[in-house]
Number of protein chains: 2
Amino acid sequence: MTDTSKSSTELRPGEAIEEILRFLPKFGSDGLIPAIVTDVKSGNVLMFAHMNEAALGKTIATGFAHFWSRSRGKLWKKGEESGNLLSVREVRTDCDQDVIWLLVDVGGAGVACHTGATSCFYRRLVPTGDASHDMNLEIAALPRHAGCG
Amino acid sequence: MTDTSKSSTELRPGEAIEEILRFLPKFGSDGLIPAIVTDVKSGNVLMFAHMNEAALGKTIATGFAHFWSRSRGKLWKKGEESGNLLSVREVRTDCDQDVIWLLVDVGGAGVACHTGATSCFYRRLVPTGDASHDMNLEIAALPRHAGCG
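Residues numbered from 1 in each chain as written. Chains lettered and ligands numbered in written order. Predicted model: local features only at pLDDT ≥ 70, side-chain atom pairs only at ≥ 80, totals over all residues. Heavy atoms only, no water.

Asker: Account for the environment of Gly108 of chain A, with residues named and values stated.
Answerer: Residues and elements named next belong to chain A. By secondary structure assignment, the location of Gly108 is in the loop between β6 (100–106) and β7 (123–127). A residue is classified by how much of its surface remains accessible, and Gly108, at 71% relative accessible area, is exposed. Measuring from C-alpha to C-alpha, the distance between Gly108 and Ser82 comes to 7.8 Å, with 26 residues separating the pair along the chain. Beyond its immediate stretch of four places on either side in the chain, Gly108 contacts Gly83 and Asn84. (Helix = DSSP H or I, 4+ residues; strand = E, 2+ residues; numbered from the N terminus. Buried < 20%, exposed > 50% of the residue type's maximum accessible area, 1.4 Å probe, protein only. Contact = heavy atoms within 4.5 Å.)

Asker: So, the sheet that holds strand β5 (residues 86–93) of chain A: which residues are in play, and what are the values?
Answerer: Spatial ordering of the open sheet is given by β2(A)-β1(A)-β6(A)-β5(A)-β7(B)-β8(B), a layout of six strands whose pairing is mixed. The open sheet has two edge strands, β2 (45–51) of chain A together with β8 (135–139) of chain B, and neither has a second partner. Strand-to-strand twist across the sheet, computed as the mean angle between neighbouring axes with direction ignored, equals 35 degrees. Looking at chain direction, strand β1 (residues 33–39) of chain A and β6 of chain A are connected through five bridges and run parallel. (Pairing = 2+ DSSP bridges. Axes fitted to C-alpha atoms, helices over the stretch in contact; angles between N-to-C directions.)

Asker: Could you give me a rundown of the interface of chain A and chain B, with the residues and numbers involved?
Answerer: Taken together, the contact between chain A and chain B spans 55 residues of the former and 55 residues of the latter. Note on chain A versus chain B: buried area summed over both sides is about 4,600 Å², and carbon and sulfur give 65% of it. The largest per-residue losses of area from chain A upon contact with chain B belong to Arg92, Phe121 and Arg123 of chain A, which jointly make up 16% of the total buried on that side. For the pair chain A and chain B, the number of links is two salt bridges. (Buried area = accessible area lost by both parts, 1.4 Å probe. Salt bridge = Lys/Arg side-chain N within 4 Å of Asp/Glu carboxyl O.)

Asker: Can you tell me about unusual backbone geometry, naming the residues and giving the values?
Answerer: One can expect most non-glycine residues to show negative phi and most peptide bonds to be in trans. Residues and elements named next belong to chain A. The phi dihedral of Gln97 is positive, around 55 degrees, even though this residue is not glycine. Tracing the chain through its elements places Gln97 in the loop between β5 and β6. Take Gln97: its relative accessible area is 0%, and that puts it in the buried class.

Asker: Quick one: what's the story with the relation of the copies chain A and chain B, residue by residue and with numbers?
Answerer: Of the two same-sequence chains, chain A is brought onto chain B (RMSD 0.0 Å, axial shift 0.0 Å) by a rotation of 180 degrees. Both copies of the chain, as the preceding transformation shows, are related through a two-fold rotation axis. Counting the interface residues of chain A, we find that 100% of their copies in chain B are interface residues as well, pointing to one common contact surface. (Least-squares fit on C-alpha atoms with pLDDT ≥ 70 in both.)

Asker: Summarise the sheet that holds strand β8 (residues 135–139) of chain A; cite the residues concerned and give the values.
Answerer: Overall, mixed pairing links the six strands, which are arranged β8(A)-β7(A)-β5(B)-β6(B)-β1(B)-β2(B) in an open sheet. Each having just a single partner strand, β8 of chain A together with β2 (45–51) of chain B make up the two edges of the open sheet. Averaged over all adjacent pairs, the angle separating strand axes in this sheet is 35 degrees, with direction ignored. The pairing of strand β5 (residues 86–93) of chain B with strand β6 (residues 100–106) of chain B spans seven bridges and is classified as antiparallel. Its bridge partner being in β6 of chain B, Glu90 of chain B is matched across the sheet by Leu103 of chain B. Strand contacts of helix α2 (residues 53–62) of chain B: β7 and β8 of chain A together with β2, β5 and β6 of chain B, with the helix running at about 125 degrees to β2 of chain B, the strand carrying the most contacts.

Asker: Now, about the pattern of salt bridges: what can you tell me, with residues and values included?
Answerer: A full pass over the atoms with the stated rule returns 14 salt bridges over all chains. Note that Arg92 of chain A is salt-bridged to Glu90 of chain A, the shortest N-O span being 2.6 Å. No difference in accessibility class separates Arg92 of chain A from Glu90 of chain A, as the two residues are buried. Of the charged contacts, one joins Glu90 of chain A and Arg124 of chain B as a salt bridge, the two residues approaching to 3.6 Å between their closest N and O atoms. With Glu90 of chain A in strand β5 and Arg124 of chain B in strand β7 (residues 123–127), this pair bridges two chains. Using a relative accessible area of 27% as the deciding quantity, one classes Arg124 of chain B as partly exposed. Each of Glu90 and Arg92 of chain A together with Arg124 and Glu138 of chain B takes part in one network of salt bridges that share partners.

Asker: How would you summarise the confidence of the model for chain A if you had to cite specific residues and measurements?
Answerer: This prediction gives chain A a mean pLDDT of 91; 92% of its residues lie at or above 70. Taken as a whole, residues 1–7 of chain A scores under 50 in pLDDT and shows two contacts with residues more than four places along the chain or in a different chain. (pLDDT = per-residue confidence, 0-100.)

This is how it looks when you write it as structure tokens:
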């Protein structure tokens, strides 16, 4: 028997990772791949986390975002406690297949951040006002993308 | 003299990283912080890269995105060869201040990916069609966010 499982998970001679239409996610030496999560409606970035192979597999199989919690050292179904599950509407990968982009609808209270904010990116950089390039933060409403007005 | 430089770059007793309005970016043990780059107009994710402290400083000082190239081991002004510079319109950070989100206008030909694609995320996952959860990729136009129709 031919070992098709092996051949389907490796780049074949002459193939370029940027061109193939097989999904060959490239996990780092720590077994993790970064995942960017955006709101499918607004386009805003909601959060950023990491997936191991099991988290990616569960995300695809269930349609709900799963991650690997590096701090807790365990698989993590986002929103399993808060009810703010992330329903995955589309999954993309980048040219090198070493990053995942999830486009999601946020369930429950529509909150993606553990602070209670819609997005983890609730602060933007603003100049301190002195002559340096030092920056402060300010809490700022999420961007509205042009064309969405 | 008081060492204000030190006190301004560390969390003070009683402070929470999620709440402060000082910018205290948290670089990983490799000296890098992940950076998500989105198109300020469409909201689409264009690319994902890493910054070291110098790249972040240059980005803030010049208004053009700089990264640390892990493959080439050097500071990298995105688009310096192609002309597709990334003009930074807004910089955000997340609750833990360990991720950077850049909202940019792409200069030159409007291309952010080394493949010539507008975004590095030109492929999305689609089911293989068999009973497994295996996925293939297809080249797919970037999302149009609802409300932008």
